[in-house]
Amino acid sequence: MVGRESIGIRSFRFLTGALLIIWLVLPLIPLAIWSFARGWFFPSLLPKTWSMKAWEYTFSDTAGVIDSLWLTVGISLAATLLSILVGVPAGRALGMYKFRGKEFVELLILAPIIVPGIAVVLGIHSVFISMGLNNTVSGVILVHLIPTLPYMVLVMAGIFANYDPAFEAQARSLGASPLKTFWYVTLPAIMPGIIVGGLFAFLVSWSQYILTLLIGGGRVVTLPLLLFNFATSGRNDITGAIGMIYILPGIIILLLTARHLSGRSGAVGGFGQI
Amino acid sequence: MTHVSLQKLTKVYPGATEPSLDRLSLEIPTGELTALLGPSGCGKTTTMKMIAGLLAPTSGDVTFDGRSVLKDKPEHRGVVMVFQNYLLFPYMSVADNIGFGLKMRKVDKPQIEKRVAEMLELVKLPDLGKRKPAELSGGQQQRVALARALIVQPNVLLLDEPLSNLDAHLRFEMRDLIRSLQQEMGITTIFVTHDQEEAVVLADRVALILDGCMKQYDRADVFYKRPVDEATARFFGGQNFIQGVAGNGVFEAAFGHLELPAEAASGVGKLTFRPENIRLGSADRNTLEATIAEKIYLGTQTRLKLQLGEETIDLIANPNDAEHLQPGNALTINLPPEALWVLQS
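Residues numbered from 1 in each chain as written. Chains lettered and ligands numbered in written order. Predicted model: local features only at pLDDT ≥ 70, side-chain atom pairs only at ≥ 80, totals over all residues.

1. Some remarks on the overall build of chain B
- Each helix and strand counted, chain B has eight helices and 20 strands in total.
- In terms of principal-axis extent, the alpha carbons of chain B reach across some 75 × 45 × 35 Å.
- Split into buried and exposed, the 345 residues of chain B put 39% on the buried side.
- Contacts spanning at least 24 positions in sequence make up 66% of the contacts within chain B whose residues lie at least 6 apart. (Helix = DSSP H or I, 4+ residues; strand = E, 2+ residues; numbered from the N terminus. Buried ≥ 20, exposed ≤ 12 C-beta atoms within 10 Å, placed from the backbone. Contact = placed C-beta atoms within 7 Å.)

Have a look at this one:
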């Protein structure tokens, strides 16, 4: 691939790459500056005075940012884990087997991506109240599964569409129990999918606002809720600091799993590969 | 050391009207190497999977030493199946692949390492333990798959088309390896193949399966000399079938009569004989005059098409003997009675 491309293609690639980076990074710069500013008013290009106050406040006990950070991490991890537990068998069924009504099931699973969350969350809210799940962390985790599951199932269906179950028969024949077969043979084969799907699930859960707000009832304060509070009350400096913390997991996860995200991996094919 | 018995084994896949396998009964003696031979789609692999426990039969039974194993899970049957495409686990090294069965049996690590080294030696790949399967050639992968199966010392070994993915020269090497390991360890072995030559060179006994039914189960040479019917004879390359009536040790055909071996059947039927068993020249018995219709030189042999009255027959001759024979010539041949066989219709 490398070396045989014309200068035109190379410069086009460079241009799009540069545009993408500018598009993604540029809006973060004022955010970063704000977190160190004490008053930053038009028409100054940079703040007149600098300060660490916003960061000090963010890490203080009274702000509750750190508690909220751990709560958000916990909720997102739990939602990711549950997505994996549900998404792997569901993806296997959709990717490997033909059954009556398969297209309908696919549509149902994809529906939460298409239908806005706010349209269904009110109905869910009343159901959760009757089950005592409203205003609880477990209720929030559960409701996060609605947007996270489609991504997980989609990725796993793509993985299983290209998976040869004969390896499992071979393992059984060599004396492996069903559980050991899954652990030693199936799991390593589907790991790229679990990583990519899990990454999607984590980030989708991490950025939930409406679902958390309504089901958590203001008692379960995740980072985006806290961030929104400060943003609407005009505290740009604290918003900047929390915002910096908020984007951190996305960047870390992306760096750790970047190689699984290349187009060659079956994990990002989705239903197109079934 | 297991006597395998299949009793009226039948498989009808869901949604299918015809059974893929229809009441197959087979006795496979302890320590023997048996071939299930048949064209693709005849139910051979289905049979293997049912013996291995990877597929449940619709009806019938599989017994090992007289005990039904249908309720035993595949991992408890003592049967190892080696698939046609080897199915080496791609994430594991060659050594880990071979040691897999022992690891599942909770054998301790030093013992596994020792046994794996022995197996690598046995299949003549002593230095490849650390490689990944993708780095091996087809022949090497096949040997690793064999080592991985044999290391657990199975009671029954199942091989799915063991030679079909190999080059011609590798096939002979592999055949010798399979044969010697199997005899050394005395494992009851069943393999499936669509290639009659492969079945003949490798197996003690051959079971021919056509259209889901077993046609004949015998030592390999019997299929050539004494086939049960025309389809069986044709599967083994038989070309000559002549309509007529057998009785009192004589076969009456349109072009004359021929003396039969004592055990031949009588009645209306077809006379068959192998093209390579026809002799040139005259003899005391069964001498015939034919006309050469066509001559095909095949290097190690020459194939002649002969006109015998209304019938056309095939003859395989030594190229030297056939050198001066030309189409249109008359040719004297004789058919030794022991080379003849009658298929009843």
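2. Digging into the interface of chain B and chain A
- Across the boundary between the two partners, chain B contributes 17 residues, which contact 13 residues of chain A.
- Here the residues of the side of chain B that touches chain A sort into 13 nonpolar, one polar and three charged. (Nonpolar A, V, L, I, M, F, W, Y, C, P; charged D, E, K, R; others polar.)

3. Topic: the domain arrangement of chain B
- According to the domain assignment, chain B consists of domain 1 (4–224) and domain 2 (238–344).
- Computed from C-alpha coordinates alone, the two centres of domain 1 of chain B and domain 2 of chain B are separated by 40 Å. (Domains from an automatic or database assignment.)

4. Overview of the confidence of the model for chain A
- Per-residue confidence for chain A gives a mean pLDDT of 85; residues scoring 70 or more make up 92%.
- Scored below 50 in pLDDT, residues 268–274 of chain A shows 19 contacts in the model against residues more than four places distant or in partner chains. (pLDDT = per-residue confidence, 0-100.)

5. So, the sheet that holds strand 18 (residues 311–317) of chain B
Residue and element names in this part refer to chain B.
- Here five strands make up an open sheet; going across it, the order is 15-19-16-17-18 and the pairing antiparallel. At either end of the open sheet lies a strand with only one pairing partner, and these are strand 15 (279–280) and strand 18.
- Strand direction decides the pairing type here: strand 15 and strand 19 (residues 330–334), joined by two bridges, are antiparallel. Within strand 19, the residue paired with leucine 280 across the bridge is isoleucine 333. (Pairing = 2+ DSSP bridges.)

6. Remarks on the sheet that holds strand 13 (residues 256–259) of chain B
Residue and element names in this part refer to chain B.
- Taken in spatial order, the five strands of this open sheet run 13-12-11-14-20, and their pairing is antiparallel. Where the open sheet ends on each side, the last strands, each with one partner, are strand 13 and strand 20 (341–344). Between one strand axis and the next, the sheet turns through 40° on average, direction left out of account.
- Bridge count between strand 11 (residues 240–247) and strand 12 (residues 250–253): three bridges; the pairing is antiparallel. If you follow alanine 246 over to strand 12, its bridge partner there is phenylalanine 251. (Axes fitted to C-alpha atoms, helices over the stretch in contact; angles between N-to-C directions.)

7. Here we look at helix 7 (residues 137–161) of chain A
All names here are of chain A.
- End to end, helix 7 covers 35 Å across 25 residues, agreeing with the expected 36 Å (1.5 Å per residue, within 8%).
- Roughly 50° is the biggest bend found in helix 7, and it falls at proline 147.
- The buried fraction of helix 7 is high, at 21 of 25 residues. (Expected span 1.5 Å × (residues − 1). Bend = angle between axes of the 7 residues up to and from the residue.)

8. So, the environment of asparagine 162 of chain A
- In this fold, asparagine 162 of chain A is placed in the loop between helix 7 and helix 8 (166–173).
- Residues asparagine 162 of chain A and glycine 95 of chain A lie 67 residues apart in sequence; the distance between their C-alpha atoms is 8.1 Å.

9. Digging into the packing of helix 4 (residues 65–96) of chain A against helix 9 (residues 178–206) of chain A
All names here are of chain A.
- Two elements in contact, helix 4 and helix 9, have axes separated by 8 Å at closest approach and are oriented at 140°. Taken as axis vectors, helix 4 and helix 9 run oblique relative to one another. For the pair helix 4 and helix 9, the crossing hand works out as right-handed. Contacts from Thr72, Ile75, Ser76, Ala79, Thr80, Ser83, Ile84, Gly87 and Val88 in helix 4 reach Ile190, Ile194, Gly197, Gly198, Ala201, Phe202, Ser205 and Trp206 in helix 9. (Parallel < 35°, antiparallel > 145°, perpendicular 65-115°, else oblique. Left-handed = near helix turned anticlockwise from the far one by under 90°.)

10. Comments concerning helix 1 (residues 7–25) of chain A
- Helix length check: helix 1 of chain A (19 residues) gives 26 Å between terminal C-alpha atoms against 27 Å at 1.5 Å per residue, within 8%.
- Along helix 1 of chain A, only zero of the 19 residues are buried, which leaves the element largely exposed.

11. A short note on the nonpolar core
- Within the largest apolar cluster, 71 residues are counted, with the highest numbers of intra-cluster contacts made by Ile51, Leu158 and Ala207 of chain B.
- In terms of residue count, helix 4 (residues 138–150) of chain B provides more of this core than any other element does, six residues in total.
- With 35 residues, the next largest nonpolar core counts Val140, Leu149, Val155 and Ile159 of chain A among its residues. (Core = buried A, V, L, I, M, F, W, Y, C linked by C-beta atoms within 7 Å.)

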